[in-house]
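As a plain string of letters, each chain reads:
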Amino acid sequence: MSDYSDLNDNVRNYTETDSNVLSDSIIQPFIKSIEDQVMRTVDLTYYRKYDNAVLTVNNPFLPLPADWQNTRYVQIYDASSGTPERTYLLQKDISFMNEYWPDRTATGTPKYYAMWDQDTHYVAPTPNAALTCELAYTYKPTGLSSGQTSTWLSQNAPNVLLYGCILQALGYLKGPADMIQYYDKMFNQSMQSLATYEMGRDRRDEFRDGVIRIPLESRNP
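(A) Up close: the pattern of salt bridges. Under the criterion given, the structure shown has eight salt bridges. With its nearest N and O atoms 2.9 Å apart, the salt bridge here joins D36 to K32. Here K32 and D36 lie together in helix α2 (residues 24-41), a separation of four residues that amounts to about one turn. D36 gets classed as buried once you look at its relative accessible area, which sits at 16%. E134 serves as the salt-bridge partner of R86, at 3.6 Å between the closest nitrogen and oxygen.

(B) View of the environment of P29. As for its placement among the helices and strands, P29 is situated in helix α2. You can call P29 partly exposed: its relative accessible area is 48%. Distance in space between the C-alpha atoms of P29 and M97 is 40 Å, their sequence separation being 68 residues.

(C) Looking closely at the pairing of strand β8 (residues 120-124). With five of five residues buried, β8 is to be regarded as a mostly interior element. Taken together, the five bridges between strand β7 (residues 112-117) and β8 define a ladder with antiparallel strand orientation. When the sheet's bridge partners are listed, M115 is paired in β8 with H121. The antiparallel pairing of β7 with β8 creates a hairpin that spans two residues between the two strands.

(D) Representation of the layout of surface pockets. Computed from the structure, the largest pocket encloses a volume of approximately 180 Å³. Looking at the largest pocket, it is lined by 14 residues, and the ones nearest its centre are E35, Y47, P141, T142 and G143. Secondary structure elements with two or more residues in the lining of the largest pocket: α2 and α4 (152-156). The element best represented in the lining of the largest pocket is α2, accounting for five residues. Taken together, the residues of the lining of the largest pocket sort by class into six nonpolar, four polar and four charged.

(E) Fine view of the sheet that holds strand β5 (residues 90-91). Pairing is mixed across the open sheet formed by four strands, whose spatial order is β2-β8-β7-β5. Only two strands of the sheet have a single partner each, and these edge strands are β2 (61-63) and β5. The pairing of β2 with β8 spans three bridges and is classified as antiparallel. Pairing of F61 across the sheet is with Y122, part of β8.

(F) A look at the packing of α2 against helix α5 (residues 158-173). Here α2 crosses α5 at 125 degrees, and the two axes come no closer than 9 Å. It follows from the interaxial angle that α2 and α5 lie oblique. At the point where α2 passes α5, the crossing takes the right-handed sense. Counted together, I26, F30, I31, S33, I34, E35 and V38 of α2 and V160, L161, G164, C165, Q168, A169 and Y172 of α5 form the full contact between these two elements. Class assignment for the residues of the contact of α2 with α5 results in 10 nonpolar, three polar and one charged.

(G) A look at the sheet that holds strand β10 (residues 132-139). Within the open sheet, the four strands sit side by side as β1-β10-β3-β4. Their pairing is antiparallel. The open sheet is flanked by β1 (48-54) and β4 (85-88), the only strands paired with a single partner. Taken pair by pair, the neighbouring strands of this sheet meet at an average axis angle of 30 degrees, ignoring direction. Where strand β3 (residues 68-78) and β4 come together, four bridges link them in antiparallel fashion. Looking at β4, one finds that Y77 is bridged to R86.

Definitions and cut-offs
Residues numbered from 1 in each chain as written. Predicted model: local features only at pLDDT ≥ 70, side-chain atom pairs only at ≥ 80, totals over all residues. Heavy atoms only, no water. Salt bridge = Lys/Arg side-chain N within 4 Å of Asp/Glu carboxyl O. Helix = DSSP H or I, 4+ residues; strand = E, 2+ residues; numbered from the N terminus. Buried < 20%, exposed > 50% of the residue type's maximum accessible area, 1.4 Å probe, protein only. Pairing = 2+ DSSP bridges. 1 Å grid on protein atoms, 1.4 Å probe; cavity = no way out; pocket = protein on both sides within 12 Å on 5 of 7 lines; lining within 4 Å. Points joined across faces, edges and corners; volume = space filled by probe spheres on them. Nonpolar A, V, L, I, M, F, W, Y, C, P; charged D, E, K, R; others polar. Axes fitted to C-alpha atoms, helices over the stretch in contact; angles between N-to-C directions. Parallel < 35°, antiparallel > 145°, perpendicular 65-115°, else oblique. Left-handed = near helix turned anticlockwise from the far one by under 90°. Contact = heavy atoms within 4.5 Å.

Laid out in structure tokens, this is it:
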């Protein structure tokens, strides 16, 4: 496990420098770069979030949460009948939506959604009722910094941050090629381990998928 000050100290120790060469303000962009790379590479459960909103009658636009990064699914929930129903909306592009539902003043039960802009989803048909909408999405958490001294990544995958920041620091310092190659390898291995756990082991069910087994060589007698 690691926190902000530990990470900065370790980066300086591994690169044999001090805060006069690698100050906190210099290391901070390294941290952000690695956090962004992890987010775009590994589908962490930690990045999943859910938000509920009520669709506005006669309004086809659904504002997105401020921390939204990408949508996992959109589902409408209708509790008006005796038996509540959940329906997934299908994702389409704007050109399809315009052809499918050219008159946005006409209303109906939404079947599709599309990206309108970075802050808004567009649904069609335009809602004819105030249906509850559940949005599952990927969000961007607050990164590690002097104001946020501990994060999920620093506590659960400290080697990813450490090796990534050392690699960035060696590039900044124009370090030896062999050291850059070594830490590039270490960083990629730590990323692979994180991805294997989060996207593999953490999403398996032993009853359904069985226990993970390592194949053993079987020699002929």
